[in-house]
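The primary structure of each chain is shown beneath.
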Amino acid sequence: MRSRYNILPMPFLLKNVLVLVCGSVAAGKAPTALRRLREAGYTLQVIATARALEFVTALTLATAAESEVHTDLDWFKVQPGGKHLELSHFPDAVVVLAATSDTMARAALGLSGDLASATLLSVRCPILWVPAMNPRMWEHPATQGHKTTLESWGHHFVGPVSGKLGTRGEGAGMGRMVEPEDVVGAVRALVTARDLEGLHFLVTAGPTREYLDPVRFISNPSSGKMGYAVAKVALERGAQVTLVTGPVSLTPPPGAKVVQIESALELKAAVDAAFESVDAVVMTAAVADYRASKPSSEKETKTSSALTLELTPNPDILKGLGERKTHQILVGFAMETDKGVDKAADKARRKNLDFILLNYPARVGEGIGFGADDNEVTLVRPDGTFEVWERMTKLEVGKRVLDGILERWKERNVK
Ligand code: C5P
């Protein structure tokens, strides 16, 4: 089946923004930010925490937002179900304004004891944090740790910035909330980030397991982090994602269609079945090159003599897709230890790929590669041209890979 999309996907316009106002002194800027968001064309709903209402009145917020303001007082009030669940269906994006260390900590820990926290747990759309707090509180490892956790889930941050602080005697420091105009800019950035709307990505992740008997297998240390990062970013940017995953200890990003596999042959079956209807394939799975020729259905008994295993090569799944390719963009990952670029370019040609990401086995102590949060990759094209990317998080690598796919998509579809 030919792709449904012969033209560029149009940026999807977000309309509904849920703004959570927290109890920082910067809550005083919330009415201006709400007014600016409304003027920029967004339809707003507002939640104010109990502490926020000590800095700014609900009436001021409601007037600025031209909407109701929800508080802990009306949570669960005379209605079935919960206000947080009702509100969770509304937004295309959530903005946490004048975000305090307390609200960040609650969200990072998954607490849900107030309306704002419970709503943050319930929504499935991009979340933008706009922190405002004392610099010592911002720089504290607890707050920074919570920020890292939230970012690992794909949450976005704008600010804080360095500047004059609202607290008496504190002078200046890193903790000041960004200006309302910057909030609007950051929300807009979330909007335009949904540039993959209408595209369907097939992403493979993790290792395969090739069983020798019911309890022993050949595998590799792939953690699945790279593939899950690609899937997460693609979903955030509005794509539909089918995630075919080997056994890993990660939670799939919300919204992905997940197909669990173990062996290379199961991976092949899942990928082959989905291929026709997808627009791009990102193959990060570390497929075992061999499987046992004669796996045993019973556990093999240990003996003291040497054991010879006969292995059969697994099919090259990506190469198979390359042969079937019609409109799909195909991207692979290659792990090499030497002559990386030449070998990767050769693989890209043999497998009929649009490009391949060359990376390296785990560099012990450096936090790169297998199992790590960071990666250092080189994008290699079939013609041998390449781009060396500096070390970055796997989420950032995922973003750049998707940028590369979108670029190829545009080249193909807009002539
Ligand atoms: O193992 P190799 O270096 O050839 O892997 C490069 C790419 O090919 C990776 O994206 C991997 O997922 C894919 N591959 C595959 N089937 C195999 C081996 C690798 O699809 N049997």
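Since the model is a prediction, treat every value here as computed from it, not as a measurement. (Residues numbered from 1 in each chain as written. Predicted model: local features only at pLDDT ≥ 70, side-chain atom pairs only at ≥ 80, totals over all residues. Heavy atoms only, no water.)

1. With respect to the site of the ligand
Inference 1: Around the ligand lies a shell formed by Met283, Ala285, Val287, Pro315, Asp316, Ile317, Leu318, Gly332, Phe333, Lys347 and Lys351.
Inference 2: At a separation of 2.7 Å, an oxygen atom of the ligand approaches a polar backbone atom of Met283.
Inference 3: One of the backbone nitrogen or oxygen atoms of Pro315 is found 2.9 Å away from a nitrogen atom of the ligand.
Inference 4: Residue assignment for the shell around the ligand shows that the elements contributing at least two residues are helix H12 (317-324) and strand E17 (329-335).
Inference 5: The residue makeup of the shell around the ligand, split by class, is seven nonpolar, one polar and three charged. (Near = heavy atom within 4 Å. Polar contact = N/O pair within 3.5 Å; in protein donor to acceptor, adjacent residues only side chain to side chain. Helix = DSSP H or I, 4+ residues; strand = E, 2+ residues; numbered from the N terminus. Nonpolar A, V, L, I, M, F, W, Y, C, P; charged D, E, K, R; others polar.)

2. Observations concerning the domain arrangement of the chain
The figure often quoted for interface size is the accessible area lost as the parts come together.
Inference 1: Looking at the chain, the domain boundaries give domain 1 (16-191) and domain 2 (200-299 + 307-413).
Inference 2: Look at where the C-alpha atoms of domain 1 and domain 2 centre, and you get two points 37 Å apart.
Inference 3: Across the boundary between the two partners, domain 1 contributes six residues, which contact four residues of domain 2.
Inference 4: Across the domain 1 to domain 2 interface the summed buried area is about 360 Å²; carbon plus sulfur atoms make up 52%. (Domains from an automatic or database assignment. Contact = heavy atoms within 4.5 Å. Buried area = accessible area lost by both parts, 1.4 Å probe.)

3. A word on the nonpolar core
Inference 1: Ranked by internal contacts, the top residues of the largest apolar core, which has 34 residues, are Val19, Leu61, Val95, Leu97 and Val130.
Inference 2: Those elements that provide at least two residues to this core are strand E1 (16-21), helix H1 (30-39), strand E2 (43-48), helix H3 (58-65), strand E4 (93-99), strand E5 (127-131) and helix H9 (180-192).
Inference 3: Residue contacts for Val95: discarding those within four places in its chain leaves Val17, Leu18, Val19, Leu20, Leu128, Val130, Val183 and Val187.
Inference 4: Core analysis: the next-biggest nonpolar cluster, separate from the first, contains 33 residues, Leu196, Val377, Val397 and Val401 among them. (Core = buried A, V, L, I, M, F, W, Y, C linked by side-chain atoms within 4.5 Å. Buried < 20%, exposed > 50% of the residue type's maximum accessible area, 1.4 Å probe, protein only.)

4. Some remarks on the sheet that holds E17
Inference 1: If you walk across this open sheet you meet the eight strands as E13-E12-E9-E14-E17-E18-E20-E21, and the pairing is mixed. Every other strand in the sheet has two partners, leaving strand E13 (257-260) and strand E21 (386-388) as the edge strands with one partner each. This sheet shows a mean twist of 15° between the axes of neighbouring strands, independent of strand direction.
Inference 2: Judged from the four bridges that link them, strand E14 (residues 280-283) and E17 form a sheet pairing that is parallel. From the neighbouring strand, Met283 faces E17, where its bridge partner is Gly332.
Inference 3: Most of the contacts of H12 go to E17, to which it runs at about 155°, and overall it touches E14 and E17.
Inference 4: Of the strands in this sheet, strand E9 (200-205), E14, E17 and strand E18 (355-359) are in contact with helix H14 (residues 394-413), which crosses E17 at around 145°. (Pairing = 2+ DSSP bridges. Axes fitted to C-alpha atoms, helices over the stretch in contact; angles between N-to-C directions.)

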